[in-house]
Amino acid sequence: MNSINVVFPDLETERMDLRNLTLEHSEQVYQHFSDSDVTRFMDIEPCRDIEEASEIIRYHEEDAGCRWGLFDKGNGNFLGTIGFHYIRSNQVVTAEIGFDLSKAYWGKGFMTEAMKEAMAFGFREAGFDTIDATVEPENKKSLQLLRKLGFHEDREPRDGLIYFYMEKEKKAQ
């Protein structure tokens, strides 16, 4: 497998700024990830203190991927995170996308908006051929989101998770 080096700039949507998380965001990340409803379907426990939030940020800073904080353009509130990790290349470049949103913003289209922008960047700028995601079967909101966005779904769960993927559209020659 080849290593992939991508620069992940800040992005924006109509209602949000997507900013690369830094240690300056530790308090916001702590508040967000200390909510057990947010972390329920993630492979982390709720944050118990700011140092754990800082560890999450440092992990993503050192990873080959990225993690953007989602910030409301209107009031600056921290809404959640989205980003790419587990980027790998074996003739095609694949990146896994992960996302989470604070309860107050569930069901308001924020994650759909963020996903569309992140995916457009991934395919257009980062050169990803495939974007994939894994979801626990009980995580109905994430399942609904990925289906709505047009991700393909593997029929058989892997390691108890449902696997989704989307391939870059090929232009006619």
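Residues numbered from 1 in each chain as written. Predicted model: local features only at pLDDT ≥ 70, side-chain atom pairs only at ≥ 80, totals over all residues. Heavy atoms only, no water.

Within the protein one finds five helices and eight strands. Listing each helix as α and each strand as β along the protein from the N terminus yields β-β-α-α-α-β-β-β-α-β-α-β-β. For the protein, the C-alpha radius of gyration of 16 Å lies close to 16 Å, the compact-globule estimate for 173 residues. By principal-axis analysis of the C-alpha atoms, the protein measures approximately 50 × 35 × 30 Å. Sorting the 173 residues of the protein into buried and exposed places 47% on the buried side. Relative to all contacts within the protein whose residues are 6 or more apart in sequence, the contacts with residues 24 or more apart total 60%. Total accessible area computed for the protein in this model is approximately 10,000 Å², and 45% of it derives from carbon and sulfur atoms. (Helix = DSSP H or I, 4+ residues; strand = E, 2+ residues; numbered from the N terminus. Rg over C-alpha atoms; globule rule 2.2 N^0.38 Å. Buried < 20%, exposed > 50% of the residue type's maximum accessible area, 1.4 Å probe, protein only. Contact = heavy atoms within 4.5 Å. Areas by Shrake-Rupley, 256 points an atom, 1.4 Å probe, with all protein chains shown as cover.)

The next subject is helix H5 (residues 140–148). Among the residues of H5, Ser142, Leu143, Leu145 and Leu146 are the ones counted as buried. Seen end-on, H5 carries its buried residues on one side only, within an arc spanning 165°. Set apart from the buried face of H5 by more than 90 degrees, the exposed residues are Lys140, Lys141, Gln144 and Lys148. Where H5 is buried, its residues meet strand S5 (93–101), helix H4 (110–124), strand S6 (130–135) and strand S8 (162–167). (Arc of directions from axis to C-beta.)

Considering all chains together, one arrives at nine aromatic pairs under this definition. Both rings, one in Tyr105 and one in Phe110, keep their centres 5.6 Å apart while their planes meet at 90°; by these two values the pair is edge-to-face. Judged by its relative accessible area of 8%, Phe110 is buried. These aromatic residues form a ring-pair network of at least three members: Phe8, Trp68, Phe84, Phe121 and Phe128. (Phe/Tyr/Trp six-rings, centres within 6.5 Å; stacked < 30°, edge-to-face > 60°.)

Here the focus is the confidence of the model for the protein. Per-residue confidence for the protein gives a mean pLDDT of 90, with 95% of residues at or over 70. Within the protein, no element has a lower average pLDDT than helix H2 (residues 36–39), which sits at 78, and none a higher one than strand S1 (residues 11–12), at 98. (pLDDT = per-residue confidence, 0-100.)

On to the packing of H4 against H5, then. Contact pair H4 / H5: the axes reach a minimum separation of 11 Å and the direction vectors enclose 50°. On the basis of their axis angle, the class for H4 and H5 is oblique. Both H4 and H5 take part in a crossing whose hand is right-handed. Facing Met111, Thr112 and Met115 of H4, the residues of H5 in contact are Leu145, Leu146 and Lys148. When the residues that make up the contact of H4 with H5 are grouped by side-chain class, the tally is four nonpolar, one polar and one charged. (Axes fitted to C-alpha atoms, helices over the stretch in contact; angles between N-to-C directions. Parallel < 35°, antiparallel > 145°, perpendicular 65-115°, else oblique. Left-handed = near helix turned anticlockwise from the far one by under 90°. Nonpolar A, V, L, I, M, F, W, Y, C, P; charged D, E, K, R; others polar.)

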